[in-house]
Amino acid sequence: MLREEDLKGLFPRERVEAFFEAFYFGEEPAYDLELGLGSFDPEKKILRLELRLKARPGRCLACNLTWGLPEVFKRHPVLNLAGVVQALEEKLNGFRVRSWGLGPTEEIDENLHRIPLIIYLE
């Protein structure tokens, strides 16, 4: 259905860098950001993608840094997650997006946090 490669075109590195420039005012953030595949439940028609925050060398992903990011990411015009989800619909082979949202930040370990991008299909 959907592959990691499909997501790179929807969430290119240039967009992430433009977000960092706008949000961090030119200062280097503590993390890199990418969009990745999570899981798909065809019975419930729920697709889970992940916004992965990976600590940059010598930097720390503190929980207080990343817990507030779901609301920032959801609304930030440079990231344009609504547009990403809309463009994703073309790659879903007949499924349509009913709605979407971001879950809370999940701390996987000290170098990786992820924010679920949950897409409800019909």
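Scroll up a little and you will see the structure.
Model, not experiment: these values are computed from the prediction.

**Some points on the overall build of the protein chain**
Looking only at helices and strands, the protein chain has five helices and five strands in total. When the helices and strands of the protein chain are read in sequence order from the N terminus, they spell out α-α-β-β-α-α-α-β-β-β. Principal axes of the C-alpha set define a box for the protein chain whose edges measure 45 × 25 × 25 Å. Taking as baseline every contact in the protein chain between residues at least 6 positions apart, the subset at least 24 positions apart corresponds to 61%.

**Comments concerning unusual backbone geometry**
Phi angles above zero are rare outside glycine, and Lys 45 is one such case at about 55 degrees. Lys 45 sits in the partly exposed class, given a relative accessible area of 33%. Phi angles above zero are rare outside glycine, and Asn 80 is one such case at about 45 degrees. Following the sequence through the fold, Asn 80 ends up in the loop between helix 4 (69-75) and helix 5 (81-89). Judged by relative accessible area, Asn 80 falls into the partly exposed class, the value being 36%.

**Some points on the environment of Arg 13**
You can see Arg 13 is positioned in helix 2 (residues 13-23). Put simply, Arg 13 and Phe 23 are ten residues apart on the chain and 15 Å apart in space, counted from C-alpha to C-alpha. Beyond its immediate sequence surroundings of up to four residues, Arg 13 is in contact with Phe 20, Asp 32, Leu 33 and Arg 56.

**So, the environment of Phe 20**
In this fold, Phe 20 is placed in helix 2. It is 9.9 Å that separates the C-alpha atoms of Phe 20 and Tyr 31, two residues lying eleven residues apart in sequence.

**Thoughts on the environment of Leu 49**
By the element assignment, Leu 49 lies in strand 2 (residues 46-55). Given a relative accessible area of 1%, Leu 49 falls into the buried group. Distance in space between the C-alpha atoms of Leu 49 and Ile 108 is 15 Å, their sequence separation being 59 residues. Not counting residues within four places of it along the chain, the set of residues in contact with Leu 49 comprises Leu 2, Leu 7, Leu 35, Gly 36, Leu 37, Gly 38, Leu 88, Ile 115, Pro 116, Leu 117 and Ile 119.

What counts, and at which threshold
- Residues numbered from 1 in each chain as written.
- Predicted model: local features only at pLDDT ≥ 70, side-chain atom pairs only at ≥ 80, totals over all residues.
- Heavy atoms only, no water.
- Helix = DSSP H or I, 4+ residues; strand = E, 2+ residues; numbered from the N terminus.
- Contact = heavy atoms within 4.5 Å.
- Buried < 20%, exposed > 50% of the residue type's maximum accessible area, 1.4 Å probe, protein only.

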